[in-house]
Amino acid sequence: MELRQVTHQYFVLESLYNQLMALSDFSPIGHENAQNGNAMFPANVPPLGEFVGKEDVSPNALPFPLPLISKQVYSPVSENQSARKQSAIKLAVTAPDLRSVSQKEGKKNLSEAQEELAGKFVSKLEEKAYTKRTARSYGNALRTFLKAFPDAVPNELSQQEIELWLHRRMRNKKLSAAQHNTMISAIQLYYQLVEGILGPLSYLKRPKAKQVDPQTISKEEIQRLINASGSLKNRCLLLLTYSAGLRVMEVLSLRKVDLDLTKMTIFVQGRKGKNGQQHHRRSDRTVPLSRKLAKILEQYLTEYVPAVWLFEGNKRAHKYSERSAQSVMQQAAKKAGLVKTSLKMLRASYAAHQLEAGISVSAVQDLMGHNSIRTTTRFAHVAKRKLPASPADNLDF
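Everything numeric here is computed off the predicted structure, so don't read it as measured data. (Residues numbered from 1 in each chain as written. Predicted model: local features only at pLDDT ≥ 70, side-chain atom pairs only at ≥ 80, totals over all residues. Heavy atoms only, no water.)

### Things to note about the pairing of strand E3 (residues 285-288)
Part 1: Because side chains alternate across E3, one face comprises the buried residues Arg285 and Val287, and the other comprises Thr286 and Pro288, none of which is buried.
Part 2: Summarising the sheet, strand E2 (residues 265-268) and E3 pair through four bridges and their orientation is antiparallel. For Phe267, the partnering residue across the bridge sits in E3 and is Thr286. (Buried < 20%, exposed > 50% of the residue type's maximum accessible area, 1.4 Å probe, protein only. Helix = DSSP H or I, 4+ residues; strand = E, 2+ residues; numbered from the N terminus. Pairing = 2+ DSSP bridges.)

Spelled out as structure tokens, the structure:
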């Protein structure tokens, strides 16, 4: 066997071994701990390289336990250990050579069949109420994936082929965990939405993306920002985003009828797809309307008289664009002497200021429309809490 083939097969086995260990109940303890009685490797075992290229390897000869792995899904079930090992070995030593795939990854154009699949995938995302930006991002990721396998359709690809390509791509292009996870999500969603199956990456262990604390600005800076906003329309846009803690698209999707100036509430519609299907993470909610803002909004409605949407563009009954809204924020920030600001920061500041005021995390979660409370707790890290007074202050001494 040629040296290049040996090296390639070793990489295949090593990669599969690492992923299987991550899914198994064992932790990688080194040879030096073998005498402790809890090591997964027995003493004096041969290196992995000695097993490369051998299709008749006995399961008992391997220096590690392997869970059963199928072509479509990881499935550590109740088969005996020998059968489990043999199944994994067979897949590892017979995994296809992906060197030809790597060479073709740079191909620019998709085939007509692949382009059709990509278009269908983006349409499915829009039907499921994913934003245009997210659908475009996932669509581009899928096209990159399809370009890497120009002579095959996704259903023909094995789990090993996909995982090895992902591993090499992350290593060679030095991608961040977030970029890598975007690709995994795009591939997995393709199988679920287009092919109607669970997909081969359902149980793939993803790298953890670095958690970055939300960026916020102080109440004093928000006051300066509002004062520098200019027109009444710009003022209402910024105030509404901050005072209700709304997402950019939620603000731009507000209709006149969503404001209840009597009950002092704002009805925020969750995202819905082309077929009216509710997004699984964006449900409808009602949030309080600031009393001070209500008076300004009454003046705005009288002066601008919007037809349908609360904020409309140059064309009547057409939504105000996100680009225009972000431009309003940037111009106001520049006049106020602020740097690195965005409408997203107003929403983050709202959450932090509510927590600073003593509002519970669960209440802020409901107000913000977070699906998970873990998302809300991120804002607690940047909220400036006041230290409570000492109970001794209530004593007479």
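That shown, we press on.
### Let's talk about the pattern of salt bridges
Part 1: What the rule picks out here adds up to five salt bridges.
Part 2: Arg143 is the partner of Glu115 in a salt bridge, and the nearest nitrogen-oxygen pair spans 3.1 Å. Placement of the pair is Glu115 in helix H4 (residues 112-127) and Arg143 in helix H5 (residues 132-147), with a sequence separation of 28 residues.
Part 3: Using a relative accessible area of 37% as the deciding quantity, one classes Glu115 as partly exposed. (Salt bridge = Lys/Arg side-chain N within 4 Å of Asp/Glu carboxyl O.)

### Some thoughts on the sheet that holds E3
Part 1: Spatially, E1-E2-E3 is the arrangement adopted by the three strands of the open sheet, whose pairing is antiparallel. The open sheet has two free edges, formed respectively by strand E1 (259-260) and E3, since each of these has just one partner strand.
Part 2: Pairing of E1 with E2, which is carried by two bridges, proceeds in the antiparallel orientation. Paired with Asp260 across the bridge in E2 is Thr265.

### Observations concerning the packing of aromatic side chains
Part 1: In the structure shown here, the tally under the stated rule is eight aromatic pairs.
Part 2: Here Tyr300 and Phe311 contribute two aromatic rings whose centre-to-centre distance is 5.6 Å and whose plane-to-plane angle is 40°, an arrangement assigned as tilted. Placement of Tyr300 in helix H11 (residues 291-304) and of Phe311 in the loop between H11 and helix H12 (322-336) is noted, with a sequence separation of eleven residues between them.
Part 3: Classification of Tyr300 as buried rests on a relative accessible area of 1%.
Part 4: Aromatic ring contacts, followed pair by pair, group Phe121, Tyr190 and Tyr191 into a single cluster.
Part 5: Taking the ring centre of Trp309 as reference, the NZ or CZ of Lys319 above it sits at 4.7 Å. (Phe/Tyr/Trp six-rings, centres within 6.5 Å; stacked < 30°, edge-to-face > 60°. Lys NZ or Arg CZ within 6 Å of the ring centre and 35° of its normal.)

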